[in-house]
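If you want the building blocks of each chain, they are given just below.
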Amino acid sequence: MNLEVKELKVTLGRTNIVKGVSLKVEEGQSVGIIGPNGCGKSTLLKAIYRVNPIEKGKVLLNGKSMACMTPKEVAKNIAVVGQFNEMSFDFSVEDMVLMGRSPHKKMMEAFNDEDYCILDDALEKTELKGLRDRSFLSLSGGEKQRVILARAIAQKPKLLILDEPTNHLDVKFQFEVLELVKSLGISTLSVLHDVELSARYCDYIYALKAGKVVKEGTPQKLLTRETIRTLYDVDSEIYNNPITGALSVTYLPGREAV
């Protein structure tokens, strides 16, 4: 599925947070958004999936304006993995993941064998089978994050939007979750705090600062000392890891950016 964001502006309260951002996600492409805290990354994502109101601009799915789509139509195409997953009411892990099937069901329609097969597959992929009967609220932050990812997988989306998907996860699950997302073979748009992870798992990256795209490109072209300095105001060294071949970043705290 193709996603196109055109000159998006978002104002919350009296603050203009997203200031004319344009970006694209092509079919099967993994696109990342990086930038410092408070630059508008999460606000942008929430505007794309219709939580935050859009002041100006358009969001298109396969050329169709999302403003003209019903919530159910959007949910059949887009799944979201957010960074904050607290709930007021408790459900079992199984029930939480089954919620991902809701966009594909009619009013009051019961879950069928296909739904439960999809549930089992999602639990297997996220290593949650042993927790399927556990209370969601009793889980750790990392376990909750994997449940939300499993729910998104069960939703069978054509586009997956992830806001800090590795939040709360230990190193092992950070890599496993991003490998899993990559293996789904669908279009993805992710906000990632870790620059090295964005270089490893994204095909294309947008660098955001103060609500604007300041640079875009492939990881090899975008991730330079100059870009890191512009975004985070720190000096760094960028090199290809001799073991993995992936781009690596060494930050140089205490050194004045030149």
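Predicted, not measured: the structure shown is a model, and the values here were computed from it.

### Regarding the side chain of S92
No. 1: Along the chain, the position of S92 falls in the loop between β6 (78-81) and α3 (93-98).
No. 2: In terms of polar contacts, S92 uses its side chain to reach the backbone amide nitrogen of D95, at 3.1 Å.
No. 3: In contact with S92, not counting residues within four places along its chain, are R132, D133, R134 and F136.

### With respect to unusual backbone geometry
Only a minority of non-glycine residues have a phi that is not negative, and only a minority of peptide bonds are not trans.
No. 1: The phi dihedral of R50 falls on the positive side, at around 70°, and the residue is not glycine.
No. 2: Positionally, R50 belongs in the loop between α1 (41-48) and β4 (56-61).
No. 3: Residue D233 is not a glycine yet carries a positive backbone phi of 60°.
No. 4: Looking at the element boundaries, D233 is found in the loop between α9 (225-232) and β11 (236-240).
No. 5: In this structure D233 comes out as exposed when scored by relative accessible area, which is 59%.

### Quick word on a positive patch on the surface
No. 1: A contiguous patch of positive charge on the surface is contributed by K72, K76, K106 and K158.
No. 2: Its place among the elements puts K158 in the loop between α5 (141-154) and β7 (159-163).
No. 3: You can call K158 partly exposed: its relative accessible area is 43%.

### What to know about the sheet that holds strand β3 (residues 30-34)
No. 1: As summarised here, the arrangement of the six strands in space is β6-β7-β8-β3-β9-β10, forming an open sheet in which the pairing is mixed. The two strands at the open ends of the sheet, each matched to only one other strand, are β6 and β10 (212-217). Each adjacent strand pair in this sheet contributes to an overall mean axis angle of 15°, direction not counted.
No. 2: When β3 meets strand β9 (residues 204-209), the two strands line up parallel, connected through four bridges. Across the sheet, I34 pairs through a bridge with A207, a residue of β9.
No. 3: Along the sheet, α5 makes contact with β6 and β7, crossing β6 at roughly 180°.
No. 4: The strands that α9 touches are β3, β9 and β10; relative to β9, the one it contacts most, it runs at about 35°.

### Notes on the sheet that holds strand β2 (residues 15-25)
No. 1: Read from one edge to the other, the open sheet built from four strands follows the order β2-β1-β4-β5, with strand pairing classed as antiparallel. Here the strands that pair on one side only, and so sit at the sheet edges, are β2 and β5 (64-65).
No. 2: The pairing of strand β1 (residues 3-12) with β4 spans five bridges and is antiparallel. Residue K6 lies in a different strand from β4, and its bridge partner there is K58.

### What about the packing of aromatic side chains?
No. 1: Tallied over the entire structure, the rule returns one aromatic pair.
No. 2: Sitting over the ring of F136, K144 keeps its end group 5.8 Å from the ring centre.

### A closer look at the side chain of K41
No. 1: Along the chain, K41 falls in helix α1.
No. 2: Of the buried charged residues, K41 lacks a salt bridge, with E164 as the closest side chain of opposite charge at 5.4 Å.
No. 3: If near-sequence neighbours (up to four positions away) are discounted, K41 is found in contact with I33, I34, G35, P36, V191 and L208.

### Re the packing of α5 against helix α6 (residues 171-183)
No. 1: α6 packs onto α5 with a crossing angle of 5° between their chain directions and a minimal axis gap of 12 Å. Between α5 and α6, the interaxial angle falls into the category roughly parallel. Each of R146, L149 and I153 in α5 lies in contact with α6, whose residues at this interface are F173, V177, L180 and V181.
No. 2: Residue classes in the contact of α5 with α6 are distributed as six nonpolar, no polar and one charged.

### Some points on the pairing of β1
No. 1: Relative to β2, β1 runs antiparallel, the two sharing eight bridges. Its bridge partner lying in β2, L12 is registered against T15.
No. 2: Between β1 and β2, which follow one another and run antiparallel, lie two residues, and G13 among them has a positive phi close to 65°.

### Concerning the pattern of salt bridges
Should the charged atoms of two oppositely charged side chains come close, the side chains can pair.
No. 1: Overall, the coordinates contain 13 salt bridges when judged by the stated rule.
No. 2: E73 is paired through a salt bridge with K64; the nearest N and O atoms lie 3.0 Å apart.
No. 3: Taking relative accessible area as the criterion, E73 reaches 27% and is therefore assigned partly exposed.
No. 4: Residue D115 pairs with R101 through a salt bridge whose shortest N-O separation is 2.9 Å. Here D115 is found in helix α4 (residues 113-125), whereas its partner R101 is found in the loop between α3 and α4, with 14 residues between them in sequence.
No. 5: Accessibility expressed as a relative area gives 2% for D115, which makes it buried.
No. 6: Through salt bridges with shared partners, a single network forms among R101, K105, E109 and D115.

Reading the values: rules and limits
- Residues numbered from 1 in each chain as written.
- Predicted model: local features only at pLDDT ≥ 70, side-chain atom pairs only at ≥ 80, totals over all residues.
- Heavy atoms only, no water.
- Helix = DSSP H or I, 4+ residues; strand = E, 2+ residues; numbered from the N terminus.
- Polar contact = N/O pair within 3.5 Å; in protein donor to acceptor, adjacent residues only side chain to side chain.
- Contact = heavy atoms within 4.5 Å.
- Buried < 20%, exposed > 50% of the residue type's maximum accessible area, 1.4 Å probe, protein only.
- Patch = residues over 30% accessible without salt bridge, like charges linked within 9 Å, V, L, I, M, F, W, Y side chains within 5 Å.
- Areas by Shrake-Rupley, 256 points an atom, 1.4 Å probe, with all protein chains shown as cover.
- Salt bridge = Lys/Arg side-chain N within 4 Å of Asp/Glu carboxyl O.
- Lys, Arg positive; Asp, Glu negative; His and termini not counted.
- Charge placed at Lys NZ, Arg CZ, Asp CG, Glu CD.
- Pairing = 2+ DSSP bridges.
- Axes fitted to C-alpha atoms, helices over the stretch in contact; angles between N-to-C directions.
- Phe/Tyr/Trp six-rings, centres within 6.5 Å; stacked < 30°, edge-to-face > 60°.
- Lys NZ or Arg CZ within 6 Å of the ring centre and 35° of its normal.
- Parallel < 35°, antiparallel > 145°, perpendicular 65-115°, else oblique.
- Nonpolar A, V, L, I, M, F, W, Y, C, P; charged D, E, K, R; others polar.

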